[in-house]
Amino acid sequence: MKTQNQCIRFFILLMLFFFTMPVFSETIAPEDELWTYLVRQSSQWFAQYTSSSRSGSARDWKEPVQRAFDKLTKNGPEPGTCHKWAIIQDPSFNAACFPGGEIIINEGVLSFLDQIITDKKTFHSEKIDSMSLSQLREELIAPILAHELGHYYNRHMIAFLKAKWQLEKTAPETLDLSLMRYSQKNEFEADYTGYLLLQKGGYDPRIMIQTLEILNMVSRESSKYYTDSGFNIYFLTHPTPHTRLAVFSDLVSDYHKEAASLEQAFSDIQLGVNLYHALQSVEDALKNHPENIYLMTEKSIVLHKIWILSASLYDLKLRGIIETPLFYDKMVYDTTESRDPEKKLPGDQLLWTAAKKSYETIIAKSPAPGILSNYALLLCYSPKPEDETRSKEFARRALRGSMDASYLNNLAVVLFLVNEKDESIKILKDLSLQFDKKYTKLADEATSTHYSSSTLKELEKEFLMHQAANREFVLTDFTPLLNLSAAYWLTGKNAESKAAAFEYLSRYESSSDWAVWLMGLTNTSIPLSENKKAFTVKAITVNESIEQLVSAWGKPSSITERKDDSFTEIWHYDSLQIEVTIEFGSIILITLKEKCPLTISNAFRVGSSRQEIEKFTGDYNRLTRTHTVYEGRQNCAVQYILGTAVEIVLFPSGTASP
């Protein structure tokens, strides 16, 4: 089970590198050491992955793949480097490059390419007739291999890991959104490097364009099996074929350029950024595709979001969740309480009216649940009784097909704003309890279960990424509790409101504009955390990267590998009498041996007495056979002999002690 989990963990990394004259700048020693580490680990990862996966039986493809591989590597920038490749028995359309240049190709890729040949797609029939089947296969697989080698030659794994480490350690207010798109930049670079490799290998480099056209066919096919708000996972984490084709602007049609523009516009609308530019893109597309139901829908949504920006959070009162789909080709191309007498429409009335008219047009054509829920959120702010009635009707109709949490939240918002506050609060309370149970369970299991820990980390990453672009962003699952607190306060239930607000701000998040608004509304503050810094040894702590380690301490005296399947290395710094345990490029343990001269956080060291150490750590939490374990925000395990520390091990919070 351990090996399988590690394979799954590394395969997640592989998904980030699906498909791809590099120019290398002079690198500093820490980056060179990181690269050496990755190449050293890569052969083990590749061996384990291929041994745990069933080998593919696409015998007819092995010779064409080898020929293409030989031509590309012999004419690449490192002709003497030994590369490996393997065909995996997997029906999905997927290929990947390991950091050391090893490549895997799923049988699904080869099957799809064979179907391309059979259907004579992307080739002129006379070309098929004039070439052998083996030659055609070589020509089709070469761009895929060239792209993957482009990832290796450009050291993209280094760029990814550096971005990943920085992302996980950077506070939301300083997070650079470009880090979340860096892998997409790598994809463009790998496309271009692949284009040059094909040229040097004796191929017509325009077959790279042909391969991207094939990817676009895969994109269109896969979109048939996903809802409007979902998409193939590959095309969520990488530039879509349209975007990649648009880079080769002189070689592709306007179709790809328009589709790439719409993909960006739909993505911006979903994030709530660049809305006026996105509106212009949608309106331009409507000129070419008048009466298109999807474009008209998106125009309604962007107008709705633009109106929201014109209103204050105080006037909006509660936060609605506007459903915004991603773009894909088939959208466009053939492929009982009294009313409040003081109620006024917040924000810019002209913008609200424009969004309303746009929604009315689309509702007559396509009353999809998401659109009904969105429109209900707009109408409920109207002071007109007839708009309030229709708002409730649409919000309830949206739930007929699905009891989606976002639709339930929106119904609660609608009911609250049309003065049916008791029912609204009941819905919000039920939703909040449901999620809080799941969240509490995840938090409780995070220290012992990899799935729960990784799920919490993914939630945090999603929040950081979106909030970097839009400070009003709040995770969908967090929204009901935020709304519940606000609803309590606005109905005079101040004690209940402050309790809910404290729960939200202390457990979920306190940095979004909505969280700041909630603090001010309810006059709720949360106590500052202890904010203890992790124990530091010569400017290094656990969880930091090997690049940071080499920058601070230089290269290790020696490196040993554990004799198991954990891919763990022990870096020995003999002059410091310290061992550093590395796993997946990060520090997981720092062990200070008996003669280590360094002080930990200017507080204590090997040789300190138990009393001196516990001034900083507090009482111990538990004992192992050899060590006394201190846990909390600062974790360490100390081996004492006659009350004096002879070994100190620093380890991360949330993990079992060494």
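A quick note: this is a predicted structure, and the numbers were derived from the prediction, not measured. (Residues numbered from 1 in each chain as written. Predicted model: local features only at pLDDT ≥ 70, side-chain atom pairs only at ≥ 80, totals over all residues. Heavy atoms only, no water.)

## Notes on the overall build of the chain
Inference 1: Helix and strand counts for the chain stand at 26 helices and 13 strands.
Inference 2: Counting every atom, the chain has about 30300 Å² of accessible surface; 51% of that belongs to carbon and sulfur. (Helix = DSSP H or I, 4+ residues; strand = E, 2+ residues; numbered from the N terminus. Areas by Shrake-Rupley, 256 points an atom, 1.4 Å probe, with all protein chains shown as cover.)

## Description of the pairing of strand β1 (residues 85-88)
Inference 1: By the alternation rule, side chains of β1 split into Trp 85 and Ile 87 and Ala 86 and Ile 88, which are all buried.
Inference 2: Looking at chain direction, β1 and strand β3 (residues 103-106) are connected through 4 bridges and run parallel. Note on β3: the bridge partner recorded for Ile 87 is Ile 105. (Buried < 20%, exposed > 50% of the residue type's maximum accessible area, 1.4 Å probe, protein only. Pairing = 2+ DSSP bridges.)

## Re the pairing of strand β5 (residues 569-573)
Inference 1: A large share of β5 lies buried, amounting to 5 of its 5 residues.
Inference 2: Residue alternation in β5 divides its side chains into two sets, Glu 569, Trp 571 and Tyr 573 and Ile 570 and His 572, and both sets are buried.
Inference 3: Sheet topology places strand β4 (residues 558-561) next to β5; 4 bridges connect them, and they run antiparallel. Following the sheet pairing, Thr 560 is matched in β5 by Ile 570.
Inference 4: What sits between β5 and strand β6 (residues 578-583) in their antiparallel hairpin is a turn of 4 residues, with Gln 577 showing a positive phi close to 60°.

## A few points about helix α16 (residues 349-365)
Inference 1: Counted at 1.5 Å a residue, the expected span for α16 with its 17 residues is 24 Å, and the 25 Å between its end C-alpha atoms agrees.
Inference 2: Those residues of α16 lying buried are Trp 352, Ala 355, Lys 356, Ser 358, Tyr 359, Ile 362 and Ile 363.
Inference 3: At its buried positions, α16 is contacted by α14 (293-310), α17 (369-379) and α18 (385-397).
Inference 4: Where α16 begins, the capping side chain belongs to Asp 348, and its oxygen is found 2.8 Å from the backbone nitrogen of Leu 350. (Expected span 1.5 Å × (residues − 1). Contact = heavy atoms within 4.5 Å. Polar contact = N/O pair within 3.5 Å; in protein donor to acceptor, adjacent residues only side chain to side chain.)

## Some remarks on the packing of α17 against α18
Inference 1: Viewed as axis vectors pointing N to C, α17 and α18 meet at an angle of 155°, and their least axial separation amounts to 8 Å. Between α17 and α18, the angle is such that the two are roughly antiparallel. As for the relative orientation of α17 and α18, their crossing is left-handed in sense. Note on element contacts: α18 touches α17 through Asp 387, Arg 390, Ser 391, Phe 394, Ala 395 and Arg 397, opposite Leu 372, Tyr 375, Ala 376 and Leu 379. (Axes fitted to C-alpha atoms, helices over the stretch in contact; angles between N-to-C directions. Parallel < 35°, antiparallel > 145°, perpendicular 65-115°, else oblique. Left-handed = near helix turned anticlockwise from the far one by under 90°.)

## Description of the packing of aromatic side chains
Any aromatic ring pair is given by two values, namely how distant the centres are and how the planes are angled relative to each other.
Inference 1: For the coordinates displayed, the defined rule picks out 16 aromatic pairs.
Inference 2: Between Phe 478 and Tyr 508, the ring centres sit 4.6 Å apart and the planes meet at 10°, which makes this aromatic pair stacked. On the criterion of sequence distance, the pair formed by Phe 478 in the loop between α21 (450-469) and α22 (479-490) and Tyr 508 in the loop between α23 (494-507) and α24 (513-522) is long-range, its members being 30 residues apart. Exposure class is identical for Phe 478 and Tyr 508. Each is buried.
Inference 3: Centre to centre, the rings of Phe 535 and Phe 604 are 5.4 Å apart; their planes meet at 85°, and the pair counts as edge-to-face. Remark: Phe 604 occurs in strand β9 (residues 604-605) and Phe 535 occurs in the loop between α24 and α25 (546-553); sequence separation between them is 69 residues. Each of the two residues, Phe 535 as well as Phe 604, counts as buried.
Inference 4: Put simply, the rings of Phe 435, Phe 478, Tyr 504 and Tyr 508 touch in pairs and so form one group of aromatic residues. (Phe/Tyr/Trp six-rings, centres within 6.5 Å; stacked < 30°, edge-to-face > 60°.)

## Remarks on the confidence of the model for the chain
Inference 1: Overall, the predicted model of the chain reaches an average pLDDT of 78, with 76% of residues at or above 70.
Inference 2: Note on residues 1-28: pLDDT is under 50 here. Beyond four places in sequence and across chains, it has 79 contacts.
Inference 3: Confidence drops under pLDDT 50 across residues 223-237; counting only partners more than four residues distant or on other chains, this segment forms 33 contacts. (pLDDT = per-residue confidence, 0-100.)

## Some words on α23
Since one α-helical turn is 3.6 residues long, residues separated by three or four positions face the same way.
Inference 1: Between the first and last C-alpha of α23 there are 20 Å, a value that for 14 residues agrees with the 20 Å anticipated at 1.5 Å per step.
Inference 2: When we look at burial in α23, the residues that qualify are Ser 497, Ala 500, Ala 501, Tyr 504 and Leu 505. Down the axis, α23 shows its buried residues gathered within 125° of arc, on one side only. (Arc of directions from axis to C-beta.)

## Observations regarding unusual backbone geometry
Inference 1: With a phi angle near 75°, Asn 419 is a residue other than glycine that sits in the positive phi range.
Inference 2: Following the sequence through the fold, Asn 419 ends up in the loop between α19 (405-417) and α20 (421-445).
Inference 3: Judged by relative accessible area, which is 11%, Asn 419 ranks as buried.
Inference 4: Phi angles above zero are rare outside glycine, and Ser 601 is one such case at about 50°.
Inference 5: Tracing the backbone through its elements, the reader meets Ser 601 in the loop between β8 (599-600) and β9.

## Quick word on the nonpolar core
Inference 1: Within the largest apolar cluster, 84 residues are counted, with the highest numbers of intra-cluster contacts made by Ile 141, Trp 553, Ile 578 and Ile 648.
Inference 2: Counting residues per element, this core draws most heavily on helix α6 (residues 133-153), which supplies 10 residues.
Inference 3: With near-sequence residues (within four places) excluded, Ile 141 lies in contact with Trp 61, Pro 64, Val 65, Ala 68, Ile 105, Leu 110 and Leu 113.
Inference 4: In terms of nonpolar packing, the next biggest core, distinct from the first, is built from 83 residues, Leu 295, Leu 372, Tyr 488 and Leu 505 among them. (Core = buried A, V, L, I, M, F, W, Y, C linked by side-chain atoms within 4.5 Å.)

## Here's the deal with the sheet that holds β3
Inference 1: An order of β1-β3-β2 is seen for the 3 strands of this open sheet, with the pairing classed as mixed. Because the sheet does not close on itself, it has two edges, and the strands there are β1 and β2 (95-97). Within this sheet the neighbouring strands show an average axis-to-axis angle of 15°, counted without direction.
Inference 2: Summarising the sheet, β2 and β3 pair through 3 bridges and their orientation is antiparallel. Paired with Ala 96 across the two strands is Ile 104, which belongs to β3.
Inference 3: Contacting β1 and β3, helix α3 (residues 59-74) crosses the sheet at an angle of about 150° to β1.

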